[in-house]
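Tertiary structure, described
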Amino acid sequence: MDAAAPQGSQLHSKNPVKWSEIKSALDPQELPDLPLLSQEISYLKCRLCSSVYYSTINFRRHEGFHVRRRNNPDWLPETMKNNSSLTQFWHQHLKDTFKDIVSLQDVELKGVTGQKIVEELALIPEPNIRLPPSYFTARNLLLGTIKSEEPEFSIYPDKFLAILSKGSEDTFLLSDTDESVQNFVFRDAGKIALAQENLVATACFLLEQKLRKAWHRHREDESISLRNELIKEEEDYHTERQHQTERNKVEGKKKKKKKPKKQIKEDKSEEGEPWTEIRHTAITAGAFTRCLSNP
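Analysis parameters
Residues numbered from 1 in each chain as written. Predicted model: local features only at pLDDT ≥ 70, side-chain atom pairs only at ≥ 80, totals over all residues. Heavy atoms only, no water. Helix = DSSP H or I, 4+ residues; strand = E, 2+ residues; numbered from the N terminus. Buried < 20%, exposed > 50% of the residue type's maximum accessible area, 1.4 Å probe, protein only. Contact = heavy atoms within 4.5 Å. Areas by Shrake-Rupley, 256 points an atom, 1.4 Å probe, with all protein chains shown as cover. Salt bridge = Lys/Arg side-chain N within 4 Å of Asp/Glu carboxyl O. Phe/Tyr/Trp six-rings, centres within 6.5 Å; stacked < 30°, edge-to-face > 60°. Lys NZ or Arg CZ within 6 Å of the ring centre and 35° of its normal. pLDDT = per-residue confidence, 0-100. Disulfide = S-S within 2.5 Å.

1. Some remarks on the overall build of the chain
- Scanning the chain for helices and strands turns up 11 helices and 4 strands.
- Here the chain holds 295 residues, and the buried ones make up 30% of them.
- The long-range share in the chain, meaning contacts at least 24 apart out of those at least 6 apart in sequence, stands at 70%.
- Looking at the chain as shown, the accessible area adds up to about 20700 Å², and 54% of this sits on carbon and sulfur atoms.

Structure, rendered in structure tokens:
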């Protein structure tokens, strides 16, 4: 026994058990809820650049980014300009729109409800090494945001945008969320939307979609309001011109009806002088004729 003890101690110090040996000795499927028994984290690498993505959803969004940029060289500058406008909208209207945007209760994506996504997010065990650290942090922040009634975003509005950027693996605001993009990214939503590696990405996509819709509604309201103002100004201008024309007509009629007395006398005198000359000439001619007839 005394000799065995040092030998065991010597074996333990020189040949420590490796973590990889423990993992290979156990079957992860037997204990699927223990994160320490998970496989290594794998990433999807883009063929067109050096970007890598943990989530299939985010990887597909990144693919769409390359397609848009290739088909329209002006797309990226326009997108960056729109992103600046969207960020400004969020800063200015955070308090009015926050509760509606962060709620996933009324959301459904190809049969997958927002409530189901929130429930699955809450079931992810922690600590969890199956998820990349930044991705898992985004999961915790998302749950805190969705469940929070009085968030700190009114003081730090960029915090919510940072969560969406982290959870989308920096595809946030660089890939649209319209119907065509949604159909491409979630073409097999029933299979991948609720997968653990895609839960955070799916939630971030839906929240970004709601944020974009709120921003678009705001822009439409501003456009309608501006158009109505221009129409009103145009109508007021034409109305004022019409009134001015009518006033000019009335003033013109008044001037014709009421001429000054002095002007009327001058008109009469000017009109009478020619008739006086004609009459005088006629009288003279008559007298001359009578003289000739009576010598």
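We are not done yet, so read on.
2. Concerning the pattern of salt bridges
- Going through the model one piece at a time under the given rule, you end up with 10 salt bridges.
- Across the pair aspartate 188 and arginine 60 runs a salt bridge, and its minimum N-O distance is 2.8 Å. Of this pair, aspartate 188 sits in the loop between α8 (179-185) and α9 (189-192) while arginine 60 sits in helix α3 (residues 56-71), placing them 128 residues apart in sequence.
- Across the salt bridge formed by lysine 232 and aspartate 236, the nearest N and O atoms sit 3.1 Å from each other.

3. Let's talk about the packing of aromatic side chains
- Under the definition given, this model contains 7 aromatic pairs.
- In this arrangement the basic side chain of arginine 187 is found over the ring face of phenylalanine 184, its NZ or CZ atom lying 4.9 Å from the centre.

4. Description of the confidence of the model for the chain
- Residue-level pLDDT values for the chain average 77, and 71% of them are 70 or greater.
- By mean pLDDT, helix α1 (residues 4-14) is the weakest element of the chain at 44, and strand β2 (residues 52-53) is the strongest at 94.
- Here residues 1-15 scores under 50 on pLDDT; set against residues more than four positions off or in separate chains, the count is 0 contacts.
- Every residue in residues 26-38 scores below 50 in pLDDT, and together they form 17 contacts with partners more than four places removed in sequence or on other chains.

5. Some words on the state of the cysteines
- Tallied over the full model, the rule gives 0 disulfides.
- Left unpaired, cysteine 46 is separated from the closest cysteine sulfur, that of cysteine 49, by 3.6 Å.
- Judged by relative accessible area, cysteine 49 falls into the partly exposed class, the value being 26%.

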